Amino acid sequence: MDKFIIKGGKRLHGEVVISGAKNAAVAIIPAVAMAESPCRIENVPNISDVKLSARILTEMGATVRWLGKNTVEIDPTTIHTNVVPSELGRKMRGSYYNIGALLGRCSKAIVPLPGGCDFGVRPIDQHIKGFKALGCTYSLNDGMIEVSAKELRGAHIYLDMVTVGATMNIILAAVKAKGLTVIENAAREPHVVDLANFLNSMGANISGAGTDVIKIRGVEHLKGITYSIIPDQIEAGTYMAAAAATRGDVLVKNVTPKHLESITAKLMEMGVTVVEYDDAVRVRCDGPLSKCNVKTMPHPGFPTDMQPQIAALLSIAQGTSILNESVWENRFRYVDELIHMGANIQVDGQVAVIEGVKELHPAPLRATDLRAGAAMVMAALAADGTSEVDETIHIERGYENIVEKLQALGADIRRVEIPANAVSRAM
C-alpha cells in the first residue's frame, strides 16, 4: 500500500491534461463483448478500475493487448464464458455492466453483485426492472446474479429514479433486442452519451442519449471499431477545485467545457475566475472564496462525484454554506477527516452546514473512498504544513498519475510505499 505525503501552502500553477472518462471506460470496455471483430479503444484512463475491466474480459477468454498506456485493443471473438469471475467482479461497481453486455452477446450473464466505494446501498432494482421488461428472468445465488432470456424483446421502460448505471446497462441489453426499446426518465450524463456514441459507431441504432427519453432499435450485428473516450468531467472538476483551493492559476486541458458548466457556475459564484476555451478551461483565484449553497443532482445538475471536493473548498470559504446530497445517503463519511484539519462542518442526514474557517491545518488523513480521497488531497494542498493521506488505493482507482500531474503544477506531493509489516501491525 502507498500513502501520499503532501506539504501544502503552495499555489498550483501551469497546465494539466485531463485523461479519458473513467465512468465511460468501465461501460465501454464490457460493451466490446458484443462486437463481432476486434475494437481499439483510445484515450483510456490508465487507472486500476479500467485495468480491472479489461482483466475481466481477459479471464473470460478475450484477447486484450495494450498498445500503450492509454490505448487497448480487445478481440472479443475468443470469449468462451458468460460468467464474470467472482473475485474480480466484486472489486468494482462497474462490473455490473457485464450483465447488459453479456445479455446482448449471448442472452445470459452470471455476474457478482457490485463492489466499489462504500458510501451507501447499491441497489440494482432498476437494472432488474429493465432486464425483466426485455424478457429476462433472474436469480441470486451465493452473491452472484444470473440473468437470462430465451429472446430479448424491446420494451417501454420507465425508471423510478434517474440512475446512470441502470440507464447504461439497459442500453447495453437492448442494443440487440428485437424491436424498439424506450427508456424514460433516463440519465443524461456525458458518459451515457459516450456509451451510446460508441455503440452507434459499432452499428447500433440509439437516439435520444443526453435527453430523458432514449430509444434503442435492436440490430443483429455490431462490428469492431476504433473509438476515443471523452475527457473525464470529474477529474477536470477536481483540478479546477484544487486550483481554487490553493489560490492558483491552472489551465485544465483536454476537456469539454459544456460538461463542466455546473462546476464552473459554482466556482464563479464563490469568486473564482473561470475562462472557457474550445477544449480547455483556465481557473484562477486571487482573493478570498465566498460561501455558496450546493445541491447534488443528476446531470446537468451539480455531480455527486464532486461533492467531497466542493465541501473541502467551502470549508475555507467566507461565511456559511449549505451542501445538500440528494443522490447517495452516506456520502459524508469523509467529513471527520476535514474536521481533523480544523474545518467547521455539521452534518444532519443528507445536509452539511459548513462554516468557513480561515485556514486548514495539516493532519494525518484517510481516503475513505475515491472522491473523498481526492478531497483529502485538495485539503492537504491548501493547508500550510505537511499532511499524510493513507489508503490512496481508492484515489488511484479514478485518477491517472495524480501525483505526477500535481507535481507538474508545483505541488509538493510524493508517493511513499508503506512496508507490508507496518500495514499488518496497523490492522
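Residues numbered from 1 in each chain as written. Predicted model: local features only at pLDDT ≥ 70, side-chain atom pairs only at ≥ 80, totals over all residues. Heavy atoms only, no water.

S.K.: When you look at the overall build of the protein chain in this model, what are you seeing that I'm missing?
M.R.: Along the protein chain, the regular secondary structure elements total 14 helices and 23 strands. Here the protein chain has a C-alpha radius of gyration of 21 Å; the compact-globule value for 427 residues is 22 Å, and the two agree. Buried residues in the protein chain amount to 55% of all 427 residues. A total accessible area of about 16500 Å² is found for the protein chain, and carbon and sulfur atoms account for 48% of it. (Helix = DSSP H or I, 4+ residues; strand = E, 2+ residues; numbered from the N terminus. Rg over C-alpha atoms; globule rule 2.2 N^0.38 Å. Buried < 20%, exposed > 50% of the residue type's maximum accessible area, 1.4 Å probe, protein only. Areas by Shrake-Rupley, 256 points an atom, 1.4 Å probe, with all protein chains shown as cover.)

S.K.: Quick question: what am I supposed to make of the sheet that holds strand E1 (residues 2-7) here?
M.R.: Neighbouring strands of a sheet are bound in pairs by backbone hydrogen bonds; such pairs are parallel or else antiparallel. The mixed open sheet is built from four strands, whose spatial order is E21-E22-E1-E23. The open sheet is flanked by strand E21 (364-366) and strand E23 (412-417), the only strands paired with a single partner. Here the strands of the sheet are splayed against their neighbours by 25° on average, with no regard to which way each runs. Against the sheet, helix H12 (residues 370-382) makes contact with E1, E21, strand E22 (386-390) and E23, and its axis sits at roughly 30° relative to E1, the strand it touches most. (Pairing = 2+ DSSP bridges. Axes fitted to C-alpha atoms, helices over the stretch in contact; angles between N-to-C directions. Contact = heavy atoms within 4.5 Å.)

S.K.: I keep staring at the state of the cysteines and nothing clicks. Help me out?
M.R.: Working definition: the covalent bond between the sulfur atoms of two cysteines is a disulfide. One pass over the structure, following the stated rule, counts zero disulfides. Unpaired in terms of disulfides, Cys136 finds its nearest cysteine sulfur in Cys106, a separation of 11 Å. By relative accessible area, which is 7% here, Cys136 ends up buried. Free of any disulfide, Cys285 has its nearest neighbouring cysteine sulfur in Cys292, separated by 12 Å. (Disulfide = S-S within 2.5 Å.)

S.K.: Whenever I open this one, helix H8 (residues 233-245) confuses me. Can you help?
M.R.: Three or four residues apart is the spacing at which side chains of an α-helix point the same way, because the helix has 3.6 residues per turn. Between its first and last C-alpha atoms H8 spans 18 Å; for 13 residues at 1.5 Å apiece the expected length is 18 Å, and the two agree. H8 sits mainly inside the fold: 13 of its 13 residues count as buried. Among the residues of H8, the N-terminal cap falls to Asp232, whose side-chain oxygen and the backbone nitrogen of Ile234 are separated by 2.9 Å. Positive phi appears at Arg247, one or two residues downstream of H8, with a value of about 55°. (Expected span 1.5 Å × (residues − 1). Polar contact = N/O pair within 3.5 Å; in protein donor to acceptor, adjacent residues only side chain to side chain.)

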